[in-house]
Amino acid sequence: MSRIDEQMVNSIRVLSMDMIEKANSGHPGLPMGAAPMAFALWKNHLKFNPEHPTWFNRDRFVLSAGHGSAMLYSLLHLFGYDLPISELKKFRQTGSKTPGHPEFGHTVGVDATTGPLGQGFAMGVGMAMAEAHLGAKFNQPEFPVIDHHTYVLCGDGCLMEGISYEAASLAGHLKLGKLVVLYDSNDISLDGDLNESFSEDIELRFRSAGWQTLRVDDGNDLDALDAAIHLAKTEKSRPTLIEVKTVIGYGSPGKAGKSAAHGSPLGEKELKLAKAAYDWQMPPFELPKTVENQKEFYHSKGRASESNWLRTFNAYKQKYPELAESLQQLMDGNLTNDWDLELPVFHEKDNPAIATREVSGIVLQELEKKLPNLFGGAADLASSNKTNLKASDRFAPENYAGKNISFGVREFAMGAAVNGMTLHGGVQAFGATFFVFSDYLRSAIRSAALMGIPSTFIMTHDSIAVGEDGPTHEPIEHLASFRAMPGLTVIRPADGNETVEAYRYTFNQKIQPTMLVLSRQNLPILPGSAEKAKTGLAKGAYILADSPLDQLDILLLASGSEVHLMTAVREKLAKQGYGARVVSMPSFDLFEKQSPEYKESILPKAVKTRFAAEMGASYGWHKYLGDSGKMLAIDSFGMSGSGDELAAHFGFTIDNLTKLALQQL
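Residues numbered from 1 in each chain as written. Predicted model: local features only at pLDDT ≥ 70, side-chain atom pairs only at ≥ 80, totals over all residues. Heavy atoms only, no water.

### Focus: the packing of aromatic side chains
1) Next: The full count for this structure, using the stated rule, is 30 aromatic pairs.
2) Next: Ring geometry for F591 against Y598: centres 6.4 Å apart, planes inclined by 65°, an arrangement best described as edge-to-face. Both residues of the pair, F591 and Y598, belong to the buried class.
3) Next: One aromatic cluster is present, built from ring pairs that chain together F39, W42, F48, F61, F79, Y81, F297 and Y298.
4) Next: Looking at R442, its charged tip hangs above the ring of F482, at a distance of 4.0 Å from the centre. (Phe/Tyr/Trp six-rings, centres within 6.5 Å; stacked < 30°, edge-to-face > 60°. Buried < 20%, exposed > 50% of the residue type's maximum accessible area, 1.4 Å probe, protein only. Lys NZ or Arg CZ within 6 Å of the ring centre and 35° of its normal.)

### Some words on empty space enclosed by the protein
Vacant regions in the atomic arrangement are exposed by a probe of water-molecule size rolled over the atoms.
1) Next: Under the defined criterion, the tally for this structure stands at 1 cavity of 30 Å³ or more.
2) Next: Approximately 80 Å³ is the volume found for the largest cavity.
3) Next: Around the largest cavity sit W42, L46, F48, P53, R58, D59, F61, L72, Y81, G109 and D111, which together line it.
4) Next: Classifying every residue of the lining of the largest cavity by side-chain character gives 7 nonpolar, 1 polar and 3 charged. (1 Å grid on protein atoms, 1.4 Å probe; cavity = no way out; pocket = protein on both sides within 12 Å on 5 of 7 lines; lining within 4 Å. Points joined across faces, edges and corners; volume = space filled by probe spheres on them. Nonpolar A, V, L, I, M, F, W, Y, C, P; charged D, E, K, R; others polar.)

### Points about the sheet that holds strand 3 (residues 179-185)
1) Next: Reading across from one edge, 1-2-3-7-6 is the order of the 5 strands in this open sheet, with parallel pairing throughout. Edge positions in the sheet fall to strand 1 (60-63) and strand 6 (212-216), since each of these pairs with one other strand and no more. Across the sheet, the mean angle from the axis of one strand to that of its neighbour is 20°, orientation sign disregarded.
2) Next: Inspection of the sheet shows strand 6 paired to strand 7 (residues 240-245) by 5 bridges, in the parallel sense. If you follow Q212 over to strand 7, its bridge partner there is T240. (Pairing = 2+ DSSP bridges. Helix = DSSP H or I, 4+ residues; strand = E, 2+ residues; numbered from the N terminus. Axes fitted to C-alpha atoms, helices over the stretch in contact; angles between N-to-C directions.)

### Some points on unusual backbone geometry
1) Next: Phi is positive for D187, close to 65°, though the residue is something other than glycine.
2) Next: Of note, D187 is situated in the loop between strand 3 and strand 4 (188-189).
3) Next: Residue D279 is not a glycine yet carries a positive backbone phi of 55°.
4) Next: Here D279 is to be found in the loop between helix 10 (268-277) and helix 11 (289-292).

### Here's the deal with the pattern of salt bridges
1) Next: Tallying each qualifying case throughout the model produces 35 salt bridges.
2) Next: The partner of E200 in a salt bridge is R205, with the nearest N and O atoms 2.8 Å apart.
3) Next: When its relative accessible area of 13% is taken as the criterion, R205 is described as buried.
4) Next: Here R215 ties to E203 by a salt bridge, and the two come within 3.7 Å at their closest N and O atoms. With a gap of 12 residues between them, R215 in strand 6 and E203 in helix 8 (residues 202-208) connect regions that are remote in the sequence.
5) Next: Of the residues examined, R215 reaches a relative accessible area of 44% and is grouped as partly exposed.
6) Next: Members of the salt-bridge network, linked through shared partners, are E203, R207, R215, D217 and E243. (Salt bridge = Lys/Arg side-chain N within 4 Å of Asp/Glu carboxyl O.)

### Regarding the state of the cysteines
1) Next: Considering all chains together, one arrives at 0 disulfides under this definition.
2) Next: As a non-bridged cysteine, C154 has C158 as the owner of its nearest cysteine sulfur, 5.2 Å distant. (Disulfide = S-S within 2.5 Å.)

### Here's the deal with the domain arrangement of the chain
1) Next: According to the domain assignment, the chain contains domain 1 (3-122 + 149-279) and domain 2 (539-663).
2) Next: A separation of 52 Å is found between the C-alpha centroids of domain 1 and domain 2. (Domains from an automatic or database assignment.)

### A look at the sheet that holds strand 14 (residues 542-545)
1) Next: One open sheet accounts for 5 strands, arranged 14-16-15-17-18; its pairing is mixed. This sheet does not close on itself; its edge strands, each paired only once, are strand 14 and strand 18 (630-632). Strand after strand, the sheet turns through a mean of 30° between neighbouring axes, direction not considered.
2) Next: Taken together, the 3 bridges between strand 17 (residues 610-613) and strand 18 define a ladder with parallel strand orientation.

### Regarding the packing of helix 1 (residues 3-23) against helix 10
1) Next: Helix 10 packs onto helix 1 with a crossing angle of 170° between their chain directions and a minimal axis gap of 11 Å. One element, helix 1, and the other, helix 10, form an angle in the roughly antiparallel class. Contact with helix 1, carried on its side by V14, M17, D18 and E21, involves E268, L271, A274 and K275 of helix 10 and no other residues of that element.
2) Next: Here the residues of the contact of helix 1 with helix 10 sort into 4 nonpolar, no polar and 4 charged. (Parallel < 35°, antiparallel > 145°, perpendicular 65-115°, else oblique. Contact = heavy atoms within 4.5 Å.)

### Details of a negative patch on the surface
1) Next: On the surface, a cluster of negative charge is contributed by E468, D469, D644 and E645.
2) Next: Of note, E645 is situated in helix 25 (residues 643-649).
3) Next: Given the relative accessible area of 55%, E645 is considered exposed. (Patch = residues over 30% accessible without salt bridge, like charges linked within 9 Å, V, L, I, M, F, W, Y side chains within 5 Å. Areas by Shrake-Rupley, 256 points an atom, 1.4 Å probe, with all protein chains shown as cover. Lys, Arg positive; Asp, Glu negative; His and termini not counted. Charge placed at Lys NZ, Arg CZ, Asp CG, Glu CD.)

### Some points on the layout of surface pockets
1) Next: In this model, the largest pocket occupies a volume close to 680 Å³.
2) Next: Every residue lining the largest pocket is counted, 32 residues in all, and those nearest its centre are F104, T422, L423, H424 and G425.
3) Next: Taken together, the elements giving at least two residues each to the lining of the largest pocket come down to helix 13 (321-331), helix 16 (411-424) and strand 10 (428-434).
4) Next: Sort the elements by how many residues they give to the lining of the largest pocket and helix 16 lands first, with 3 residues.
5) Next: Class assignment of the residues belonging to the lining of the largest pocket gives a composition of 12 nonpolar, 15 polar and 5 charged.
6) Next: Quantified by volume, the second largest pocket comes out at close to 290 Å³.
7) Next: Considering the residues around the second largest pocket, the lining is formed by 16 residues, among which L603, K605, R610, K623 and Y624 are closest to the centre.
8) Next: Looking at the lining of the second largest pocket, its residues break down into 6 nonpolar, 2 polar and 8 charged.

The following block contains the structure:
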């Protein structure tokens, strides 16, 4: 190891230790042990430009073991990113650019929000899938315009999480040769020695999943680390796991190799001893000039890397102008101008009742014609979710240009991979399953919401109308729980037109994920929705049918499949001399973003008598019903039987809903 390399490695360690000690909070063990492998990667292999952190053809780096964030911030600072020492000094402090775990969109150079262990691993798989897909679509002989690797640094905890099993299985099946995982194998977990809870042969597991496995026995050997990463990059048909044996808390006489180094500051005494072991003489947060001077080298190297790519891309433009224009549009995240012009419009007199999942399938077929970046699939439910893009092939090792992804029964990995694809850019990524199984990927949906990325989650079979499959497959609390999640737009459309508008809204926005909650059963096209949903859906709630204000006795509220029931209730009430307004509420989230004036126009405070119906938990509706409003909901689990029989059993019939409304009146 050269003197400057030793200084760089120790700078990563010491900056991390200083950050954690100043904050009196953090995880020093990983940075102290894993600094050499991270340095070897960033110095000799990682393709990046610190002057343009979002350069599209850069390599992606995901710190799946996000508790080691201090190491990532040290790397970003040392390799020339705009993350000054002043921010490192504010590690884990309110409002700083160096939060406790890496956050995408908050800190320059962070490619994914990580911390929930294993998700970074799976997002890395999604990034590699996006790279393979775009490369197959756009690369031409002598013009590798999409050509980069995805690197993930994970720990024992990541590989104990079930999501890593799912994601590794998928990556091996897809032969993602440009995915390289560095495994910080230190035999320690937070609670103690790893052998207390984990003893499997990781390399054997990954080989069985179709991965190349390499091993570096000395995590401080930069030459061996460099050689392993180089060998990983030469493997084109298998992803690679490099197990690197490290010592957690390396250099700390009292804590090295012990769980005590994992999640607590070293303490002043141990910090001094560790710095002495590194022969480090600098004051806290100060670096040798030789280290500081390296930043300009990495700036120059980054500029050269991007300039070389730009020359290739400009030549590509000359020879393949249409492909280049399309690729540029995808890299910029823009849709074609007429992408939604051919979406269907449904009329109650001309179109029979149709399930919103069926409409979703129709919309996806139209979008496939217009959106070259549409890319996604289902967790082994494409035929039920109606997500198969009929004009496209399956995404597979022999055809990465295919748009249909067979995720298999891997819901959590699917969710995180969709996030990885979205983070990578260039694709409009979606994943689908039954709504009740959203529990399996909830944490990935939460991560998408936290990152503020436009992943799309298609959830079908939205209620007890699933029927004979019974309570294991009938969502109850799911709408309420996802409506409570910050940063997620949940849309439960009531008919075909609302479903079309749900897609129009979803793909037009770029600031947060969307969950489309769709019916299995057929739903009638609602009178007036063809026009009213065009503007109403994006506002979260709108008046579908009304009575004059001077005759407005009751507000009837519903979402999804219950809206058409309320329209029939309104007609029955009218025959008895009551004026009722039907409000379709496909999205609480979107409605809450509207002005007070708009909300008042839909739900006037003067009308206290309100009645809602939803085939799910009642939780959350009270804010729209007020003190005197009532609703019919299901605050228990469902049962097995036909959908129509279950609806009647739980009271979701026109006659019963009318009776309940009349009781209030």
